[in-house]
Amino acid sequence: MRLLAALSGGVDSAVAAALSVEQGHDVTGVHLALAETPDALRSGSRGCCSREDARDAARVADVLGIPFYVWDLAARFRADVVDDFVAEYAAGRTPNPCLRCNERIKFAAVLDRALALGFDGVVTGHHARLDGGVLRRSVDVEKDQSYVLAVLTPAQLSAARFPLGGMTKAQVRAEAARRGLTVADKPDSHDVCFVADGDTRRFLRERLGPQPGPVVDALTGAVVGQHDGAYAYTVGQRRGLDLRVPSADGRPRYVLSVEPVRSRVLVGPREALDVTELRAERPVWTTEPRALPLEGLVQLRAHGEVHECVVEADGAAGGAGGAGWRLRLRTPAQGVAAGQAAVLYDGDRVLGSATLAAAH
Amino acid sequence: MAYLDHAASTPLLPEVADSLAASLRASVDAAGNASSLHTAGRRARRTVEEARERLARAVGARPSEVLFTAGGTESDNLAVKGIWWSRRADDPRRTRVLASAVEHHAVLDAVEWLVAHEGASVEWLPVDADGVVHPEVLREAVERDPSDVALVTVMWANNEIGSVQPVRELAEVAHEHGIPFHTDAVQAVGQLEVDFSASGVDALTLTGHKCGGPLGVGALLLSRTTGCTPLLHGGGQERDVRSGTLDVPSVAALALAVDLATQRRAEVAARLVGLRDDLVRRVQDAVPDAALNGPVGSARLPGNAHFSFPGCEGDSLLLLLDARGVEVSTGSACSAGVARPSHVLLATGADGPAARSSLRFSLGHTSTVSDVDALVEVLPGVVERARRAGAVLAR
């Protein structure tokens with residue numbers, strides 16, 4: 001097959017491309033330039049899209065002996081991922097930009113262009129398995145990325161290849177070293193790639209400006225502190241609240257909800273974070289849509305814990321993927337933030353995902 | 001394989017490869033720093049000076065006007081910054097640079113650097129739809145205030161769309177006001193008749209690897225009366241304008257390449273014009289809406305053809321042609337590898353989509369009709385695919 005391998009400059013995509021070459025595929029490497037000012041971005045291990053990463057990606061292609069190009073998707077990435085990230089926070093939600101990038105960039109703009117150019121599919125270094133078109137968790141539970149891929153439709157998945165799903169990260173590094181790929185010991189990227197220093201709060205403040213308001217104790221209604229912008233807070237957050245009035249029982253308080261319109265941040269005790277009923281909008285099924293209600297497992301944030309649940313149809317929250325979801329959890333979840341994805345699993349198989357709207 | 005990217009770099013002439021190999025071999029037995037005073041040093045210096053004379057003769061310059069450099073980018077930077085510094089030192093009012101809007105980045109970015117760091121101002125001279133700067137445009141820009149112009153720089157021929165500039169007329173306009181004139185002739189040497197003295201320019205950039213010489217060596221021709229403050233300080237080589245131990249084998253190879261390319265120029269150019277016109281006609285037959293950019297006829301570099309393919313992205317076309325063994329370029333290569341709309345096409349009045357949909361085919365001394373055949377055979381299918389991908393991108 002003619003495959004397009006997305007080469008980030010990291011070890012995972014390098015090994016994914018190498019394995020595809022060794023399987024006899026005709027592979028072309030592409031590095032996605034996502035940053036509009038590559039020099040201003042973090043370099044080295046902290047993320048992606050720096051000039052250093054582009055060079056590392058080019059060197060991987062050299063070693064593999066495959067053609068290599070850079071595709072400039074910076075404008076698209078800004079509009080679909082960065083601006084969306086800022087707008088979601090401004091609306092009091094907590095987005096997952098990696099998921100959005102997979103949905104809009106890697107498996108949309110890139111995949112569509114690849115197919116139009118005559119490629120049969122796109123290879124990435126994601127840690128997830130595809131078994132006969134069914135998306136499954138990686139064998140490396142720590143590194144599993146099925147959560148951020150759960151927004152893909154069957155059509156998108158049918159043209160995707162994840163050669164690393166059956167390997168642990170340690171095995172991936174060993175395979176890279178065995179092939180003489182210089183990125184074998186490159187540190188993992190983490191955090192949000194376009195937030196240069198990892199300081200999301202400052203990144204948002206620079207774009208949204210100060211929007212001061214009160215921090216309110218949800219139990220007493222008392223103002224217990226001030227904030228510079230509700231957008232900088234995430235449900236479940238405990239650190240960085242800078243509260244001036246201690247709680248009655250002396251126990252720490254957590255962000256319970258964020259109300260950007262009234263510029264309020266509500267805080268309360270840990271147990272007030274517990275939720276057992278959730279609504280999620282705009283579902284996407286990674287397989288054939290399932291009949292509701294159904295019993296399954298749900299994961300509510302990347303690398304978060306998994307809850308047994310019953311999913312019922314919620315007509316009001318529907319979309320192209322059918323009715324919205326009402327999720328009843330058997331065990332309470334804590335710190336569930338609107339804007340994150342609720343990803344539904346059957347064992348280690350991904351069924352689909354929907355965007356969390358509100359928790360009760 | 002069909003190599004249609006000679007404007008990026010053209011194959012080494014076999015005679016030059018032999019000369020380089022022989023002099024590298026000789027360097028195993030004897031060291032030779034052309035600045036040394038002993039016998040070995042004199043031998044190296046003799047080689048350098050013979051190269052200087054040979055190069056000078058080939059391009060109508062005097063030997064003392066030849067300064068060897070590490071290539072086109074260095075020569076452009078040396079001329080633009082060095083002449084600017086020297087002119088301003090003589091009169092602090094002289095800070096304005098007049099440069100064509102279609103210069104190579106080696107000139108563009110050197111000028112921008114002067115603006116950002118040295119208090120220079122720049123006026124980008126507009127070009128017509130063929131990419132040509134008209135002398136009256138320059139005259140108007142100069143005469144707005146002749147006393148504050150530090151230098152004028154306009155390339156001899158454009159690397160993307162092949163436009164040949166009226167360099168002699170432009171230099172005359174500058175000289176009416178005593179303003180020095182630099183030209184980047186990197187693309188011209190070996191394809192057009194380049195005579196430094198007859199052209200009247202004060203400084204001229206040339207490089208080896210665009211005319212069959214080695215990579216990494218070039219020259220700046222600089223008239224004896226033009227002041228130029230050095231970029232590099234050290235041993236005072238090259239009239240004190242360009243310090244640094246000379247790369248003797250490369251300098252000799254450069255001179256040989258320029259000499260041979262100049263001797264063979266008329267014959268090669270005539271052949272390339274025929275081949276290029278054939279390419280243009282057959283591309284237009286194969287893809288009827290392909291639009292030729294740049295001038296036609298003698299106002300164009302013999303080996304250059306440049307098209308916009310409506311609805312296509314240039315980098316899609318490049319990828320698809322590369323996969324089919326046809327090597328082309330979207331214009332001037334950028335270090336990050338990211339395709340940007342060509343500033344040259346934008347300067348000619350093209351819109352963003354036309355600028356992004358363009359592809360350059362450049363022929364050189366090793367090109368044959370089979371290269372054109374290979375291109376034309378795969379082009380219709382490639383354009384059709386790229387168009388589909390372009391439609392996807394536009395969604």
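Focus: the overall build of chain A
- Tallying secondary structure elements over chain A gives 8 helices and 17 strands in all.
- For 360 residues, the compact-globule formula gives about 21 Å, and the C-alpha radius of gyration of chain A, at 21 Å, lands near that figure.
- Principal-axis analysis of the C-alpha atoms places the extent of chain A at approximately 65 × 50 × 35 Å.
- Counting across all 360 residues of chain A, residues that qualify as buried make up 47%.
- Of the contacts made within chain A by residues no fewer than 6 positions apart, 64% connect residues no fewer than 24 positions apart.

Quick look at the overall build of chain B
- Tallying secondary structure elements over chain B gives 13 helices and 12 strands in all.
- Over its C-alpha atoms chain B spans a radius of gyration of 21 Å, differing by no more than 12% from the 21 Å that the globule rule assigns to 395 residues.
- Seen through its C-alpha atoms, chain B measures out along the principal axes to roughly 65 × 55 × 35 Å.
- A buried classification covers 53% of the 395 residues belonging to chain B.
- Across chain B, contacts joining residues at least 24 apart in sequence account for 75% of those joining residues at least 6 apart.

Looking at the interface of chain A and chain B
- Taken together, the 13 residues of chain A in the interface contact 15 residues of chain B.
- Those elements giving two or more residues to the side of chain A that touches chain B turn out to be helix 2 (51-64), strand 3 (68-72) and helix 4 (97-116) of chain A.

Comments concerning unusual backbone geometry
Residues and elements named next belong to chain A.
- In the segment running from Leu-292 into Pro-293, the intervening peptide bond is cis, with an omega of 0°.
- Residue position: Pro-293 is located in the loop between strand 12 (275-285) and strand 13 (294-299).
- Unusually for a residue other than glycine, Ser-263 sits at a positive phi of about 55°.
- Positionally, Ser-263 belongs in the loop between strand 10 (254-259) and strand 11 (264-268).
- Phi is positive for Arg-282, close to 45°, though the residue is something other than glycine.
- Summarising the element assignment, Arg-282 is placed in strand 12.
- Judged by C-beta crowding, with 17 C-beta atoms within 10 Å, Arg-282 ranks as partly exposed.

Quick word on the sheet that holds strand 7 (residues 160-161) of chain A
Residue and element names in this part refer to chain A.
- Taking strand neighbours across the sheet as the criterion, the 5 strands line up as 3-2-1-4-7 in an open arrangement whose pairing is parallel. Looking at the sheet topology across the chains shown, the edges are occupied by strand 3 and strand 7.
- Strand direction decides the pairing type here: strand 4 (residues 121-123) and strand 7, joined by 2 bridges, are parallel. Following the sheet pairing, Val-122 is matched in strand 7 by Ala-160.
- Contacts from helix 1 (residues 11-22) reach strand 1 (2-6), strand 2 (26-33), strand 4 and strand 7 within the one sheet, and its direction differs from that of strand 1 by about 165°.

Overview of the sheet that holds strand 11 of chain A
All names here are of chain A.
- With respect to topology, 4 strands assemble into an open sheet ordered 9-8-11-10, the strand pairing being mixed. Two strands in the sheet have a free side with no partner beyond their single neighbour: strand 9 (223-227) and strand 10. Averaged over neighbouring strand pairs, the angle between their axes works out to 25° when direction is ignored.
- When strand 8 (residues 213-217) meets strand 11, the two strands line up parallel, connected through 3 bridges. If you follow Val-215 over to strand 11, its bridge partner there is Val-265.

Regarding the confidence of the model for chain B
- Overall, the prediction assigns chain B a mean pLDDT of 95, with 98% of residues at 70 or greater.
- The ipTM assigned to the predicted complex is 0.87, against a pTM of 0.90.

Notes on the pairing of strand 8 (residues 218-222) of chain B
Residue and element names in this part refer to chain B.
- Along strand 8, 5 of the 5 residues are buried, which leaves the element largely enclosed by surrounding structure.
- In this structure, strand 2 (residues 66-69) lies alongside strand 8, joined through 4 bridges in antiparallel fashion. Bridging across to strand 8, Phe-68 finds its partner in Ala-219.
- Both strand 7 (residues 203-207) and strand 8 contribute to a ladder of 5 bridges, which runs antiparallel. Across the sheet, residue Leu-206 finds its bridge partner in strand 8, namely Ala-219.

A short note on the confidence of the model for chain A
- Per-residue confidence for chain A averages 90 on the pLDDT scale, and 94% of its residues sit at or above 70.
- Here residues 40-47 of chain A is modelled with pLDDT under 50, and outside its nearest four sequence neighbours on either side it reaches 19 contacts, counting other chains as well.

Describing the nonpolar core
- One finds Ala14(A), Ala17(A) and Ala342(A) to be the most contacted residues of the largest nonpolar core, which totals 134 residues.
- Not counting the four nearest positions on each side in its chain, Ala14(A) is found in contact with Leu7(A), Val60(A), Ala176(A), Leu181(A) and Val183(A).

Considering the packing of helix 5 (residues 135-143) of chain B against helix 6 (residues 167-176) of chain B
Residues and elements named next belong to chain B.
- The geometry of helix 5 relative to helix 6 is characterised by a closest axis approach of 9 Å and an angle of 20° between their N-to-C directions. Taken together, helix 5 and helix 6 sit at an angle that is classed as roughly parallel. The interaxial crossing formed by helix 5 with helix 6 has right-handed handedness. From helix 5, Pro-135, Leu-138, Arg-139 and Val-142 reach across to helix 6, where they touch Glu-169, Leu-170, Val-173 and Ala-174.
- In terms of residue class, the contact of helix 5 with helix 6 is built from 6 nonpolar, no polar and 2 charged.

As for helix 10 (residues 314-323) of chain B
- Most of helix 10 of chain B is tucked away, with 8 of its 10 residues classed as buried.
- Residues of helix 10 of chain B that are buried include every one of Gly314(B), Asp315(B), Ser316(B), Leu317(B), Leu318(B), Leu319(B), Leu320(B) and Leu321(B), and no others.
- On its buried side, helix 10 of chain B packs onto strand 3 of chain A together with strand 11 (326-327), helix 12 (352-356), strand 12 (358-362) and helix 13 (369-394) of chain B.
- A positive backbone phi angle near 80° is found at Gly325(B), which sits one or two residues after helix 10 of chain B.

The rules behind these values
- Each chain has its residues counted from 1, following the order in which its sequence is written.
- By the order in which they are written, chains take letters starting at A while ligands take numbers starting at 1.
- Side-chain atom pairs in this predicted model are given and counted only at pLDDT of 80 or more, local residue features only at pLDDT of at least 70, and totals for whole chains, interfaces and linings cover all residues.
- Strands are runs of DSSP state E lasting at least 2 residues, helices are runs of H or I lasting at least 4, and numbering of each runs from the N terminus.
- As defined in this context, the radius of gyration uses C-alpha atoms, and a globule is described by 2.2 Å times the residue total to the power 0.38.
- In this scheme the burial state of a residue depends on its C-beta neighbours within 10 Å: 20 or more other such atoms mean buried, 12 or fewer mean exposed, and anything in between means partly exposed; the C-beta positions come from the backbone.
- By definition, residues are in contact whenever their C-beta atoms, placed on the basis of the backbone, come within 7 Å of each other.
- DSSP-based pairing: two strands are paired if at least 2 bridges between them are found.
- With axes taken as lines fitted to C-alpha atoms, and helix axes fitted only over the stretch in contact, angles between N-to-C directions fall between 0 and 180 degrees.
- The score called pLDDT rates the predictor's confidence residue by residue, from a low of 0 to a high of 100.
- Defined on buried residues, the nonpolar core groups Ala, Val, Leu, Ile, Met, Phe, Trp, Tyr and Cys residues joined through C-beta atoms within 7 Å.
- Angle categories are assigned with fixed cut-offs, so that under 35 degrees is roughly parallel, over 145 is roughly antiparallel, 65 to 115 is roughly perpendicular, and the rest are oblique.
- Should the near helix be turned anticlockwise from the far one by less than a right angle, the crossing is left-handed, and should it be turned clockwise, the crossing is right-handed.
- We call Asp, Glu, Lys and Arg charged. Ala, Val, Leu, Ile, Met, Phe, Trp, Tyr, Cys and Pro are nonpolar, and the rest, Gly among them, are polar.

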